[in-house]
Amino acid sequence: MTRLVALENVSVRYGAICALDCVNLLIKSGEVLAIIGESGSGKSTLALALAGLLPKDASLSGQMDWQGEPPRAGRDIGFVFQDPAASLDPLMHIGAQLVEVIRSHAKLSRSEAERRAIALIERVRIPEPEKAFRRYPHQFSGGQKQRIAIAIAIAANPHLLIADEPTSALDTIVQKQIMELLAGLVREKAMTLIFITHDIALAGSIADHMAVFRHGRLIEAGRAAQILTTPQNDYTRALIAAVPRLERSDG
Ligand SMILES: Nc1ncnc2c1ncn2[C@@H]1O[C@H](COP(=O)(O)OP(=O)(O)OP(=O)(O)O)[C@@H](O)[C@H]1O
């Protein structure tokens, strides 16, 4: 795999708060990378820094060395958030929302964009895609809403997908289905997935690599299977010990 971006001594401060402290991390193109850490460890700050979306009062130092041009948020980077309802307009049917995103990135007629929207609804495995196209967000379950939010996030064919706690509002079975969907999509479309979570077991089920953060510092990074079986850091060991049973879906 080639490099997507290499972070060298990346630090982010919000005034007196050091949210990221001298992070060195290589992110490979086409991989599923899980960013793991407890609340406040700097996970979302890292995602915002990568997307170039840090708030104005944040100060960034260090280097982010992208392979080629840095990706542009909204076009080259898709986002999936914890609360799918927040990504969906409750007053527009989901087909119209998809068509809007598709047409803002590709010169397509309305009927071509509608066909592509229906294909995306089908791709995220919503039943009866043509009927679903004309339904409103409230007519779907939480897991289905997250599937639709994922369809919107990939509608512009981004090469990087950042999913920030995409399953923490969902029950365990639906969590696993959403993770499998995300992993399948990124592999099929050769996208890179950066998946932010505090749940090392869930991360272990799909990630190629993991990066564990604590208090803004990267404390351990490497292949997911290796970190799960032979963690080098006490904090990582404690995170793993707190999980009753770990399962990797790829065996
Ligand atoms: N806009 C901001 N202004 C000031 N401080 C901030 C801002 N955003 C984050 N912080 C602080 O930076 C630190 C890292 O926050 P961040 O949101 O990156 O952590 P996180 O690991 O994503 O947490 P969570 O899992 O709760 O989302 C925390 O101390 C947080 O309070």
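Positions within a chain are numbered from 1, following the residues in the order the chain's sequence is written. In keeping with the predicted nature of the model, local features appear solely for residues at pLDDT of at least 70, side-chain atom pairs appear and are counted solely at 80 or more, and the whole-chain, interface and lining totals rest on all residues. Values reported for side chains reflect all heavy atoms of the structure, with hydrogen atoms and water molecules removed beforehand.

In the annotation of an unreviewed UniProt entry, the entry for the protein chain reads ATP-binding cassette domain-containing protein, and the organism field reads Daeguia caeni. UniProt positions are given in the numbering used here, feature names are shortened, and annotations may be inferred rather than shown by experiment. UniProt's Subcellular location (unreviewed entry) comment on the protein chain is quoted here verbatim: "Cell inner membrane". UniProt lists a comment for the protein chain under the heading Sequence similarities (unreviewed entry), and it reads "Belongs to the ABC transporter superfamily."

Participant: When you look at the sheet that holds strand β2 (residues 17–28) in this model, what are you seeing that I'm missing?
Facilitator: Sheets are built from strands paired through backbone hydrogen bonds, the pairs being either parallel or antiparallel. Strand order in the open sheet formed by three strands is β2-β1-β4, and the pairing between neighbours is antiparallel. Sheet topology places β2 and β4 (58–66) at the edges, where each strand pairs with a single neighbour. Going across the sheet, the axis of each strand differs from the next one's by a mean of 5°, ignoring polarity. Of the pairings in the sheet, the one linking strand β1 (residues 3–14) to β4 comprises eight bridges and is antiparallel in character. Bridging across to β4, Leu 7 finds its partner in Met 64. Any two residues having at least one pair of non-hydrogen atoms within 4.5 Å are treated as being in contact. Convention adopted: a line fitted to C-alpha atoms gives each axis, helices being fitted over their contacting stretch, and angles between N-to-C directions are expressed from 0 to 180 degrees. Helix and strand assignments follow DSSP, with helices taken as H or I runs no shorter than four residues and strands as E runs no shorter than two, numbered in order from the N terminus. The strands touched by helix α1 (residues 43–51) are β1, β2 and β4; relative to β1, the strand with the most contacts, the crossing angle is about 120°. In this description, strands pair whenever DSSP reports at least two bridges between them.

Participant: In this structure, what is going on with the nonpolar core? I would like to understand it.
Facilitator: Soluble globular proteins tend to bury their nonpolar side chains together. Buried residues of nine kinds, namely Ala, Val, Leu, Ile, Met, Phe, Trp, Tyr and Cys, make up a nonpolar core once their side-chain atoms join them within 4.5 Å. Here the term buried applies to any residue with accessible area under 20% of the maximum for its type, exposed to any over 50%, and partly exposed to those in between, with areas from a 1.4 Å probe on protein chains only. Membership of the largest hydrophobic core comes to 55 residues, with the highest contact counts inside it found for Leu 161, Leu 193, Phe 195 and Met 210. Dropping the residues within four chain positions of it, Leu 161 is found in contact with Gly 78, Phe 79, Val 80, Ala 153, Ile 154, Leu 182, Val 186, Met 191, Thr 192, Leu 193 and Ile 194.

Participant: Where do I start with the site of the ligand in this structure?
Facilitator: In this text, near means that some heavy atom of the residue lies within 4 Å of the molecule or strand in question. Every residue near the ligand is listed here: Tyr 14, Ile 17, Ala 19, Glu 38, Ser 39, Gly 40, Ser 41, Gly 42, Lys 43, Ser 44, Thr 45 and Pro 55. Polar contact is defined as a pair of N or O atoms within 3.5 Å, subject to the rule that within protein one atom must be able to donate a hydrogen and the other to accept it, and that residues adjacent in sequence are counted only when both atoms are side-chain atoms. Within the side chain of Lys 43, an N or O atom sits 2.8 Å from an oxygen atom of the ligand. Taking Ser 44, its side chain carries an N or O atom lying 2.8 Å from an oxygen atom of the ligand. Coverage of the ligand by the protein chains reaches 61% of its 630 Å² of free accessible surface. Of all elements in the fold, only β2 and α1 reach the threshold of two or more residues within the shell around the ligand. Throughout, the ten residues Ala, Val, Leu, Ile, Met, Phe, Trp, Tyr, Cys and Pro are labelled nonpolar, Asp, Glu, Lys and Arg are labelled charged, and all others, Gly among them, are labelled polar. Its residues placed into classes, the shell around the ligand shows four nonpolar, six polar and two charged. Here, Shrake-Rupley sampling with a 1.4 Å probe gives the accessible areas, and only protein chains in the shown set may cover a residue.

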